[in-house]
Amino acid sequence: MSARRPLPAKVAVLGAGSWGTTFAKVVADAHPDIQVSLWARRAEVAKEINEFHLNSQYLKDIRLPENLAASADLAQVLGGAPLVVLAVPAQSVRAQLKTVKPLLAPGAVVVSLMKGLERGTDARMSQVIREELGLPQDRVAVISGPNLAMEIARREPTASVVACTDLEVAQWIAAVCTAPYFRPYTNTDVVGVEIGGIVKNVIALSVGICDGKHMGDNTKASVITRGLAETTRLALALGGELETMAGLAGLGDLVATCSSPLSRNHTAGRLLGEGLSLDEVNQRMTQTAEGIKSGRAVLDLAAQMGVEMPITEAVVAVLEGHLSVEELAPRLLTRELKSEGEQQQ
Ligand SMILES: NC(=O)C1=CN([C@@H]2O[C@H](COP(=O)(O)OP(=O)(O)OC[C@H]3O[C@@H](n4cnc5c(N)ncnc54)[C@H](O)[C@@H]3O)[C@@H](O)[C@H]2O)C=CC1
Ligand SMILES: O=C(CO)COP(=O)(O)O
């Protein structure tokens, strides 16, 4: 595929939650001549977007561009779209793709915005997409980075990474989503980019728990840094690259998510730290906190790869009720003494 491939006339985005709607806005802002078609599960969400240019449940009073239209009709949204972007909760993707498959335009490229690992299979979203849609690797891409949706919706300058094994495809997608306030970089490390986005959610849960227990910045920085070390071990074991983990999709996203009150994973962790049960947290959360469901899958994948992930292990123990939040903090950094640089151990 050539980097000079023309921009698509239509882009389909599936999932009208906070990130799907915001990403649709990025593309529509970037290219007023592209028709951006957003699939909403609920017809009333599509109606509000079309009639008032708002998605108030997810993006409050942010005004959406005129060239962004929504529909609850998947066939209408997907019809004739050479670029399809997925932004639904990770655990629902496989089921969603079964309805997408017969409606996908021939040759369409599919992009994952999702940051979750599938429970049961431990599959990354790009793997689920390839399996369910039967696509070659050069027709599947991922986008990840320090991308808190609400900040981007407010047009605050943000960078991200588009990854595809075919760099020219990544460059084509980057051209589609380059807006004055959104700067995508490209690389070919799909594994590293996805693992960075998945594991940072689990680390953000642990930082949130520490915040909920009123621990300070030393604790936070220590957990973030050691969290990056264990994320990097897993990414490298799966074939990801060290540079990716030091970049926007690794360190960048980890810092943003672990620091921001906008993060749903950080918020869920903080509520646990403040003493709420997991059931109470789940009831309180109105948006997706992927780390809650992905944590177990990350740990299973790490075990298969022979990688130690002590922070993830402690978070999963809390989520599964084997460890109290009081016991979590002391457990986070208490393995046997070793040299800081021992990435593989
Ligand atoms: N919100 C953010 O700042 C960012 C989110 N992401 C990732 O994007 C993905 C989507 O997250 P958000 O848009 O934030 O979630 P959200 O909770 O704001 O919205 C999820 C959307 O999926 C729909 N949905 C829920 N269950 C569904 C199902 N079973 N089948 C089909 N659709 C369903 C909801 O109606 C909603 O439109 C997640 O993997 C998240 O980690 C990535 C970067 C930034
Ligand atoms: O992925 C995100 C920021 O890059 C959003 O994080 P949360 O899903 O925790 O809100």
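Conventions adopted
- Residues numbered from 1 in each chain as written.
- Chains lettered and ligands numbered in written order.
- Predicted model: local features only at pLDDT ≥ 70, side-chain atom pairs only at ≥ 80, totals over all residues.
- Heavy atoms only, no water.
- Helix = DSSP H or I, 4+ residues; strand = E, 2+ residues; numbered from the N terminus.
- Rg over C-alpha atoms; globule rule 2.2 N^0.38 Å.
- Buried < 20%, exposed > 50% of the residue type's maximum accessible area, 1.4 Å probe, protein only.
- Near = heavy atom within 4 Å.
- Polar contact = N/O pair within 3.5 Å; in protein donor to acceptor, adjacent residues only side chain to side chain.
- Areas by Shrake-Rupley, 256 points an atom, 1.4 Å probe, with all protein chains shown as cover.
- Nonpolar A, V, L, I, M, F, W, Y, C, P; charged D, E, K, R; others polar.
- Domains from an automatic or database assignment.
- Contact = heavy atoms within 4.5 Å.
- Buried area = accessible area lost by both parts, 1.4 Å probe.
- Salt bridge = Lys/Arg side-chain N within 4 Å of Asp/Glu carboxyl O.
- Pairing = 2+ DSSP bridges.
- Axes fitted to C-alpha atoms, helices over the stretch in contact; angles between N-to-C directions.
- UniProt positions renumbered as here; feature names shortened; annotations may be inferred.
- pLDDT = per-residue confidence, 0-100.
- Left-handed = near helix turned anticlockwise from the far one by under 90°.

1. Some thoughts on the overall build of the protein
At step 1: Along its length, the protein carries 17 helices and eight strands.
At step 2: Against the 2.2 N^0.38 benchmark of 20 Å for 345 residues, the protein shows a C-alpha radius of gyration of 19 Å, consistent with a compact globule.
At step 3: Projecting the C-alpha coordinates of the protein onto the three principal axes gives extents of approximately 55 × 40 × 35 Å.
At step 4: Burial status across the protein gives 58% buried among its 345 residues.

2. What about the site of ligand 2?
At step 1: Neighbouring ligand 2 are the residues K115, G145, P146, N147, L148, K200, D253, T257, L262, S263, R264 and N265.
At step 2: Contact between ligand 2 and S263: an oxygen atom at 2.7 Å from a side-chain N or O atom of the residue.
At step 3: Notes on ligand 2: free accessible area 310 Å², of which the protein chains cover 92%.
At step 4: For the shell around ligand 2, the residue count by class is three nonpolar, five polar and four charged.

3. Some points on the domain arrangement of the protein
At step 1: In terms of domain boundaries, the protein breaks down into domain 1 (10-188) and domain 2 (191-332).
At step 2: Here the C-alpha centre of domain 2 lies 24 Å away from the C-alpha centre of domain 1.
At step 3: Taken together, the contact between domain 1 and domain 2 spans 30 residues of the former and 30 residues of the latter.
At step 4: For the pairing of domain 1 and domain 2, the buried interface totals around 2,300 Å² over both sides, and the portion due to carbon and sulfur atoms is 61%.
At step 5: Put simply, domain 1 and domain 2 have two salt bridges between them.
At step 6: For K115, the salt bridge goes to D253, with nearest N and O atoms at 2.8 Å.
At step 7: At the boundary of domain 1 and domain 2, one finds 10 residue pairs in polar contact (both at pLDDT 80 or more).
At step 8: Counting residues per element, the ones that place at least two in the side of domain 1 that touches domain 2 are helix 3 (56-59), helix 6 (125-133), strand 6 (140-144), helix 7 (149-153), strand 7 (158-163) and strand 8 (182-187).
At step 9: The element that contributes the greatest number of residues to the side of domain 1 that touches domain 2 is strand 7, accounting for four residues.
At step 10: Taken together, the residues that form the side of domain 1 that touches domain 2 break down as 14 nonpolar, 10 polar and six charged.

4. A closer look at the sheet that holds strand 5 (residues 109-112)
At step 1: Strand order in the open sheet formed by eight strands is 3-2-1-4-5-6-7-8, and the pairing between neighbours is mixed. Only two strands of the sheet have a single neighbouring strand rather than two, namely strand 3 (68-71) and strand 8. Strand after strand, the sheet turns through a mean of 25° between neighbouring axes, direction not considered.
At step 2: Two strands pair when backbone bridges link them, and strand 1 (residues 10-14) and strand 2 (residues 35-39) are joined in this way by five bridges, in the parallel orientation. Considered in strand 2, the bridge of K10 is made with Q35.
At step 3: Docked against the sheet, helix 8 (residues 167-176) engages strand 1, strand 4 (83-86), strand 5, strand 6, strand 7 and strand 8, running at close to 175° with respect to strand 8.

5. Structural notes on the environment of I49
At step 1: Mapped onto the secondary structure, I49 falls in helix 2 (residues 43-52).
At step 2: Residue I49 is classed as buried on the basis of its relative accessible area, which comes to 0%.
At step 3: Between the alpha carbons of I49 and L38 there is a distance of 9.3 Å; along the sequence they are 11 residues apart.
At step 4: In contact with I49, not counting residues within four places along its chain, are L38, L54, N55, L64, L68 and A70.

6. A short note on the UniProt feature "domain: Glycerol-3-phosphate dehydrogenase NAD-dependent C-terminal" (unreviewed entry) in the protein
At step 1: As annotated in UniProt, the feature "domain: Glycerol-3-phosphate dehydrogenase NAD-dependent C-terminal" (unreviewed entry) corresponds to residues 189-328 in the numbering used here.
At step 2: With 76% helix and 0% strand, the stretch residues 189-328 has end C-alpha atoms that lie 33 Å from each other.

7. Observations regarding the confidence of the model for the protein
At step 1: Here the protein shows a mean pLDDT of 96. Residues at 70 or above account for 98%.
At step 2: Across the protein, element-level confidence peaks in strand 6 with a mean pLDDT of 99 and bottoms out in helix 17 (residues 325-332) with 87.

8. Topic: the UniProt feature "binding site: NADPH" (unreviewed entry) in the protein
At step 1: If you check UniProt for "binding site: NADPH" (unreviewed entry), the listed places come out as S18, W19, R41, R42, Y58, K115, A149, R264 and E290 in our numbering.
At step 2: Tracing the backbone through its elements, the reader meets S18 in helix 1 (residues 18-30).
At step 3: Residue classification places S18 among the buried residues on the basis of a relative accessible area of 12%.
At step 4: Look past the residues within four positions of S18 in its chain and what remains in contact with it is Y58, L59, A149, R264 and Q287.

9. A short note on the packing of helix 9 (residues 190-212) against helix 17
At step 1: Where helix 9 meets helix 17, the closest approach of the two axes is 10 Å, and the angle between their N-to-C directions is 115°. Handedness of the crossing formed by helix 9 with helix 17: left-handed. Of helix 17, the residues touching helix 9 (which contributes S206, I209 and C210) are V325, L328 and L332.

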